[in-house]
Amino acid sequence: MIYNSIAKLAKYGEDAGLICGLDRIYAINRILEVLKLSDYEEPAQLEGPMDLESILGELLDYAAENGLLENNSVVYRDLFDTKLMDCLMPRPGEVVDRFEKLYEESPEKATDYFYKLSQDSDYIRRYRIKKDIRWSVPSAYGDIDVSINLSKPEKDPKAIAAAKLAKQSGYPKCLLCKENVGYAGRVNHPARENHRIIPLTINGTQWGFQYSPYVYYNEHCIVFNYKHIPMKIERATFVKLFDFIKLFPHYFIGSNADLPIVGGSILSHDHYQGGHYTFAMAKAPIEQHFTIPGYEDVETGIVKWPLSVIRVRHKDEQRLIDLAEHILNCWREYTDEDAFIFAYTDGEPHNTITPIARKVGETFELDLALRNNITTEECPLGVYHPHAQYHHIKKENIGLIEVMGLAILPARLKEELELLAEYLLEGKDIRANEMLNKHADWVEEFLPRHPELNRDNVMDILKEETGRVFVGVLEDAGVYKCDEKGRMAFAKFMKTL
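Residues numbered from 1 in each chain as written. Predicted model: local features only at pLDDT ≥ 70, side-chain atom pairs only at ≥ 80, totals over all residues. Heavy atoms only, no water.

Enquirer: Looking at this structure, I do not really get the sheet that holds strand β4 (residues 205-211). What am I missing?
Expert: Pairing between the strands of a sheet comes from backbone hydrogen bonds, and it takes one of two forms, parallel or antiparallel. The strand order across the open sheet built from 10 strands is β3-β4-β5-β7-β6-β13-β14-β10-β9-β8, with neighbouring strands paired in antiparallel fashion. Bordering the open sheet on either side are β3 (198-202) and β8 (286-290), each of which pairs with just one other strand. Averaged over neighbouring strand pairs, the angle between their axes works out to 25° when direction is ignored. Sheet topology note: the strand β5 (residues 221-225)/strand β7 (residues 271-275) ladder contains four bridges and is antiparallel. Its bridge partner being in β7, phenylalanine 224 is matched across the sheet by histidine 271. Sitting on the sheet, helix α6 (residues 107-120) touches β3 and β4, and the angle it makes with β4 is about 60°. (Pairing = 2+ DSSP bridges. Helix = DSSP H or I, 4+ residues; strand = E, 2+ residues; numbered from the N terminus. Axes fitted to C-alpha atoms, helices over the stretch in contact; angles between N-to-C directions. Contact = heavy atoms within 4.5 Å.)

Structure below.
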């Protein structure tokens with residue numbers, strides 16, 4: 001049976017274009033080495049399922065049964081199946097050559113090839129990504145995207161314990177470093193033998209282009225500095241964003257803010273995220289235009305969006321870079337006590353920006369979301385952070401992806417919402433359930449809006465109300481609220497420019 005599974009993996013590699021016929025024997029011998037086998041017989045015909053998840057499952061079960069896995073849990077299985085996929089992978093230089101040749105035809109052809117490769121190689125695990133639950137909800141700001149992320153596997157207790165005991169390594173320094181390419185991984189660092197990156201030059205410096213293994217949206221890419229240096233929002237940020245857009249005009253690209261609470265999960269390594277997707281924020285219109293002295297030729301205005309976003313538009317990206325630097329410098333130092341905007345407290349800076357760049361037709365656009373990370377005794381996690389009433393759904397930081405209108409909600413919500421549906425239909429006491437009692441106030445608030453609730457629509461109603469909570473979370477993250485008082489305070493800042 002093991003020979004059948006090996007032959008099927010080689011066939012998969014050929015069909016996906018990872019290897020050609022001339023590579024087949026070499027690939028099989030590499031797989032034999034990983035499985036510590038010295039013999040092989042070609043099966044007369046291939047039997048059983050031919051999808052990659054099933055083929056790898058067969059090989060992993062064999063490895064577990066024959067003592068090749070330290071532990072038959074997802075962490076060790078992932079380390080091992082990545083080693084198997086490496087047997088089918090083209091060398092990094094071959095991938096770059098192919099990408100560059102296709103780029104000469106069109107940027108889209110190059111990214112299509114690289115995105116497909118990143119999935120065929122199992123670096124992006126399609127069979128896990130499809131488990132993610134996604135939907136959209138209408139709001140005053142347009143259709144908001146919501147997702148429950150199920151593609152990151154839960155680590156088992158033994159793997160967690162082993163990770164704590166494992167020797168701490170400084171190589172690679174983090175998950176974004178270029179040294180991850182080909183790295184075998186360990187219990188506390190994922191295997192990356194099937195990972196490839198494309199070198200780019202932006203703003204005269206070396207950067208890498210890759211896809212996120214968790215693809216929260218279509219062609220979710222990461223662009224990272226070849227040097228392990230911290231995130232920083234400055235003029236050079238805007239230059240780099242537009243350098244990327246000029247290389248890949250069919251993509252957007254944005255940066256997380258550079259301060260804790262309002263920044264992303266990795267502030268220690270300078271990087272951006274982009275992709276081939278149109279978020280709700282990009283579709284949102286400018287609701288109030290402003291003219292900035294010295295930039296009368298640049299279309300500028302406040303976007304109809306729950307976060308406080310300034311959009312600037314021009315056919316010459318240099319004008320946007322100059323204006324963005326001006327806005328950033330003004331915002332860094334701006335205090336308005338009446339609006340509870342403080343640039344500094346006790347010497348600690350609070351104001352920064354989450355920038356997103358794109359090209360629409362022949363016009364460059366830059367959205368600048370104003371952020372502030374001040375905390376108070378009442379809001380120890382952040383004043384402009386999801387407030388406690390929403391923590392039952394979303395407690396984590398609001399980073400770049402959420403800023404643009406895509407909720408990335410924790411995996412626990414799948415089970416909680418399903419159980420909540422059962423309790424609602426059967427009239428059970430939600431407060432009496434330890435897992436669900438955190439949702440009780442929320443249910444009491446929305447239930448009167450839904451007298452029509454029944455078995456057929458209960459999950460749709462829960463999804464709709466979850467989306468409403470996320471809209472509230474985004475409104476919390478806005479430094480200026482979307483009411484008359486908030487818009488007047490926003491306009492006050494705009495007039496200082």
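Enquirer: Just checking my understanding: could you explain the environment of proline 285 for this structure?
Expert: On the secondary structure map, proline 285 appears in the loop between α10 (280-283) and β8. By relative accessible area, which is 47% here, proline 285 ends up partly exposed. Sequence separation between proline 285 and tyrosine 141 is 144 residues; the distance between their C-alpha atoms is 9.2 Å. Ignoring sequence-local partners within four residues, the contact set of proline 285 consists of Ile302, Val303, Lys304 and Arg311. (Buried < 20%, exposed > 50% of the residue type's maximum accessible area, 1.4 Å probe, protein only.)

Enquirer: Help me understand the side chain of asparagine 457 in this model?
Expert: Within the fold, asparagine 457 resides in the loop between α14 (440-446) and α15 (458-477). Residue classification places asparagine 457 among the buried positions, given a relative accessible area of 17%.

Enquirer: So what exactly am I meant to see when it comes to unusual backbone geometry here?
Expert: The phi angle of most residues is negative, glycine excepted, and most peptide bonds adopt the trans form. Following tyrosine 171, the chain continues to proline 172 via a peptide bond in cis, the omega torsion being -20°. In this model, lysine 36 sits at a positive phi of 55°, which is unusual for a non-glycine residue. Structurally, the position occupied by lysine 36 is in the loop between α2 (24-34) and α3 (52-65). The residue glutamate 219 is not glycine, and still its phi comes out positive at about 55°. Assignment of secondary structure puts glutamate 219 in the loop between β4 and β5.

Enquirer: Sorry if this is basic, but what is going on with the pairing of strand β1 (residues 133-137) here?
Expert: Side chains of β1 alternate between two faces, with Ile133, Trp135 and Val137 buried and Arg134 and Ser136 left unburied. As paired strands, β1 and strand β2 (residues 144-148) are joined by five bridges and run antiparallel to one another. Within the sheet, the bridge partner assigned to isoleucine 133 lies in β2 and is isoleucine 148. Between β1 and β2, which follow one another and run antiparallel, lie six residues, and glycine 142 among them has a positive phi close to 110°.

Enquirer: Looking at this model, I keep getting lost on helix α13 (residues 412-426). Mind explaining?
Expert: Along an α-helix, residues three or four apart share an orientation, since each turn contains 3.6 residues. Here α13 contains 15 residues, and its C-alpha end-to-end distance of 22 Å stays within 8% of the 21 Å for a straight helix at 1.5 Å per residue. Every buried residue of α13 is listed here: Leu413, Glu416, Leu417, Leu420, Ala421, Tyr423 and Leu424. Along the axis of α13, the buried positions cluster into a sector of 165°, meaning they face one direction only. Of the surrounding secondary structure, the elements contacted by the buried residues of α13 are β2, β15 (406-409), α14 and α15. Just downstream of α13 lies glycine 427, where phi reads positive at about 65°. (Expected span 1.5 Å × (residues − 1). Arc of directions from axis to C-beta.)

Enquirer: Where do I start with α6 in this structure?
Expert: The first and last C-alpha atoms of α6 sit 20 Å apart over 14 residues, in line with the 20 Å expected at 1.5 Å per residue. Inspection of α6 places Pro107, Ala110, Thr111, Phe114, Tyr115, Leu117, Ser118, Gln119 and Asp120 among the buried residues, and these make up the whole buried set. With its phi angle positive at about 75°, aspartate 122 sits one or two positions after the end of α6.

Enquirer: Looking at this structure, how should I read a negative patch on the surface?
Expert: A cluster of like negative charges, contributed by Glu94, Asp97, Glu100 and Glu104, occupies part of the molecular surface. Its relative accessible area of 47% is what places glutamate 94 among the partly exposed residues. (Patch = residues over 30% accessible without salt bridge, like charges linked within 9 Å, V, L, I, M, F, W, Y side chains within 5 Å. Areas by Shrake-Rupley, 256 points an atom, 1.4 Å probe, with all protein chains shown as cover. Salt bridge = Lys/Arg side-chain N within 4 Å of Asp/Glu carboxyl O. Lys, Arg positive; Asp, Glu negative; His and termini not counted. Charge placed at Lys NZ, Arg CZ, Asp CG, Glu CD.)

Enquirer: It is not clear to me how the nonpolar core should be interpreted in this structure. Could you clarify?
Expert: The tendency in soluble globular proteins is for nonpolar side chains to be buried side by side. Residues Leu9, Phe209, Phe244 and Tyr480 are the most contacted members of the largest nonpolar core, which totals 96 residues. Apart from the residues within four sequence positions on either side, phenylalanine 244 is in contact with Leu200, Ile202, Phe209, Cys221, Val223, Tyr251, Phe252 and Ile253. By size, the runner-up hydrophobic cluster in this structure holds 53 residues, among which are Val146, Tyr390, Leu417 and Val458. (Core = buried A, V, L, I, M, F, W, Y, C linked by side-chain atoms within 4.5 Å.)

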